[in-house]
Amino acid sequence: MISAFERIEHIGIAVSDIASAEILYSKILNSKPYKREQVYSQAVITSFFKVGDNKIELLQATSSDSAIAKYIAKRGEGMHHIAYLVSDISHEMKRLSEAGFLLLDNEPIVGADNMLVAFLHPKSTGGTLIELCQSID
Ligand code: CMX
């Protein structure tokens, strides 16, 4: 199999209060979240909405040193990251690292919604936090 970026998997939105944000996004998208999940490795509670083949992930911090708590303190609520589905996350991490991008993880970690994930630092990607995701199946 040739490794590839396949599609945008989800867009992550940092929120202060997951319950209020679920109500807001239910109104905007005219649908209900299909999953709420606590992700201990990232110190977040997530809530997912389906939008066609894509997803919106709402993220609330569960501790003050969570990436989401720091982001909201500095920049306020709003778009936090774009996640791409890749077919071979280890291959893409190696390729991007060799190309000079700053990876925040040495190995893929287990993230939300049954995915292996890894992040690229926004300082090396022109200001956008990028998440790579590969389905665990
Ligand atoms: N998008 C764009 N820029 C961001 C950013 C984001 N999401 N988060 C931080 N930054 C910016 C900061 O504003 C700062 O910019 P300036 O230097 O211009 O002020 C810069 O990046 C570095 O910030 P920092 O204070 O040095 O570092 P932080 O402690 O804020 O950490 C980051 C930034 C990206 C390393 C950290 O958020 C991280 O490790 N992220 C990966 C994990 C993650 O985001 N988990 C939550 C999502 C989990 C999930 O999807 O389930």
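Residues numbered from 1 in each chain as written. Predicted model: local features only at pLDDT ≥ 70, side-chain atom pairs only at ≥ 80, totals over all residues. Heavy atoms only, no water.

Enquirer: Would you explain the packing of aromatic side chains in this entry?
Expert: To describe a pair of aromatic rings, one takes the distance between the centres and the angle between the planes. Applying the stated rule across the entire model yields three aromatic pairs. Measuring from centroid to centroid gives 5.3 Å for phenylalanine 5 and tyrosine 84, while their planes differ by 50°, and the two rings are tilted. With phenylalanine 5 in strand 1 (residues 5–14) and tyrosine 84 in strand 5 (residues 78–86), this pair connects stretches of sequence that are 79 residues apart. A relative accessible area of 23% means that tyrosine 84 is categorised as partly exposed. It is lysine 50 that lies over the ring of tyrosine 34; its NZ or CZ is 4.0 Å from the centre. Looking at lysine 55, its charged tip hangs above the ring of phenylalanine 48, at a distance of 5.8 Å from the centre. (Phe/Tyr/Trp six-rings, centres within 6.5 Å; stacked < 30°, edge-to-face > 60°. Helix = DSSP H or I, 4+ residues; strand = E, 2+ residues; numbered from the N terminus. Buried < 20%, exposed > 50% of the residue type's maximum accessible area, 1.4 Å probe, protein only. Lys NZ or Arg CZ within 6 Å of the ring centre and 35° of its normal.)

Enquirer: Just to check I follow, could you spell out the sheet that holds strand 3 (residues 44–51) for this structure?
Expert: One key point about sheets: their strands pair by backbone hydrogen bonds, in either a parallel or an antiparallel sense. Pairing is mixed in the open sheet, where eight strands are placed in the order 2-3-4-1-5-8-7-6. Here the strands that pair on one side only, and so sit at the sheet edges, are strand 2 (35–39) and strand 6 (109–110). Alignment of strand 7 (residues 115–120) against strand 8 (residues 129–135), held across six bridges, turns out to be antiparallel. Residue pairing in the sheet places alanine 118 in a bridge with leucine 132 of strand 8. Most of the contacts of helix 1 (residues 18–29) go to strand 3, to which it runs at about 5°, and overall it touches strand 1, strand 2, strand 3 and strand 4 (54–61). (Pairing = 2+ DSSP bridges. Contact = heavy atoms within 4.5 Å. Axes fitted to C-alpha atoms, helices over the stretch in contact; angles between N-to-C directions.)

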